Amino acid sequence: MDIRIGCGYDVHALADGLRLVLCGVEVPHTKGCVAHSDGDVAIHAICDAMLGALALGDIGKLFPDSDAKYKGIDSTILLKEVVEIVRSKGFRVSNIDCTIAMQRPKLRPYIDTMRERLAEVVGIAIDRVSVKATTTEHLGFEGREEGVSTNAVVLLLAD
């Protein structure tokens with residue numbers, strides 16, 4: 001059995017007046033991610049984990065921010081494309097585990113919706129999707145509310 005594990009990491013700065021989108025879900029907040037796309041830092045890390053598991057680079061290589069067609073794009077579209085690439089290489093997503101680090105807002109009320117959205121987009125059962133949130137106890141750029149980071153791990157299985 002061919003098993004591949006990938007890890008992804010992404011960071012975006014936060015700024016006032018922008019939308020905050022995490023795992024394909026808009027989260028009410030006064031700040032949002034500064035980005036070329038919709039800035040969904042969690043989906044970006046998940047995409048990088050999938051691409052990394054297959055040694056295909058990262059989303060910056062696949063969807064460069066120098067390309068105007070990705071300006072403001074919904075990151076679930078990027079995730080769907082990455083899942084199709086995974087399938088075209090003869091693999092399927094077994095599970096996803098990601099951790100979002102930001103001081104505010106509290107994400108617990110949105111976690112189940114985030115899991116549902118990711119499961120729907122990737123085409124796997126919700127019990128194969130884990131989304132966790134943590135603060136950094138006011139330490140670092142996340143704690144100072146300057147930005148948000150996400151770590152993701154995925155397991156891919158050969159079909």
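This text follows the structure it describes.
(A) Representation of the pairing of strand 1 (residues 3-16) in the model. When strand 1 meets strand 7 (residues 147-158), the two strands line up antiparallel, connected through eleven bridges. Its bridge partner lying in strand 7, Asp10 is registered against Thr150. Sheet topology note: the strand 1/strand 4 (residues 31-33) ladder contains three bridges and is antiparallel. Bridge pairing in strand 4 places Asp16 opposite Lys31.

(B) A look at the packing of helix 3 (residues 75-88) against helix 4 (residues 111-122). Packing of helix 3 against helix 4 brings their axes to within 9 Å, and their N-to-C directions diverge by 45°. Considering their axes alone, helix 3 and helix 4 lie oblique with respect to each other. With respect to the hand of their crossing, helix 3 and helix 4 are arranged in right-handed fashion. Here Thr76, Leu79, Lys80, Val83 and Arg87 of helix 3 come into contact with helix 4, specifically with Arg117, Leu118, Val121 and Val122.

(C) Local environment of the pattern of salt bridges. For the coordinates displayed, the defined rule picks out ten salt bridges. Among the ionic pairs, Arg87 bridges to Glu84, the shortest N-O distance being 3.0 Å. Taken as a pair, Arg87 and Glu84 lie in helix 3 at a separation of three residues, close to a single helical turn. According to the relative accessible area criterion, Glu84 is partly exposed, its value standing at 46%. Bridged by salt links that share partners, the residues Arg108, Asp112 and Arg115 form one connected network.

(D) Fine view of the pairing of strand 6 (residues 129-134). In this sheet, strand 6 lies alongside strand 5 (residues 91-101) in parallel orientation, the contact comprising six bridges. Note on strand 6: the bridge partner recorded for Cys98 is Val131. Handedness of the crossover is the feature at issue here: the chain leaves strand 5, passes through helix 4, returns alongside strand 6, and the resulting connection is right-handed.

(E) Layout of the sheet that holds strand 1. Here we have five strands laid out as an open sheet, ordered 4-1-7-5-6, and mixed in their pairing. Both edges of this open sheet fall to strand 4 and strand 6, since each of them pairs with a single strand only. Going from strand to strand, the sheet's axes swing by 25° on average, the running direction of each strand aside. Packing of helix 4 onto the sheet brings it into contact with strand 5 and strand 6, and relative to strand 6 it is tilted by some 145°.

Rules and cut-offs
Position labels on residues start from 1 in each chain and follow its written sequence. The predicted origin of the model limits local features to residues at a pLDDT of at least 70 and limits the giving and counting of side-chain atom pairs to 80 or more, whereas totals for whole chains, interfaces and linings rest on all residues. Working from all heavy atoms in the structure, the side-chain values ignore hydrogens and water. In this description, strands pair whenever DSSP reports at least two bridges between them. Think of it this way: any DSSP run of H or I at least four residues long counts as a helix, any run of E at least two long counts as a strand, and we number them from the N terminus. Only the stretch in contact is used when a helix axis is fitted, and all axes are lines through C-alpha atoms; the angle between N-to-C directions ranges over 0 to 180 degrees. Here roughly perpendicular refers to angles of 65 to 115 degrees, roughly parallel to angles under 35, roughly antiparallel to angles over 145, and oblique to all remaining angles. Crossings are sorted by hand: turned counterclockwise from the far helix by less than a right angle, the near helix makes the crossing left-handed, and turned clockwise it makes it right-handed. Any two residues having at least one pair of non-hydrogen atoms within 4.5 Å are treated as being in contact. The term salt bridge refers to a pairing of a side-chain nitrogen on Lys or Arg with a carboxyl oxygen on Asp or Glu at a separation within 4 Å. Relative accessibility under 20% of the residue-type maximum defines a buried residue, over 50% an exposed one, and the middle range a partly exposed one, all with a 1.4 Å probe and only protein chains included. With the strands aimed away from the viewer, a crossover counts as right-handed if its path from the first strand over the helix to the second runs clockwise.

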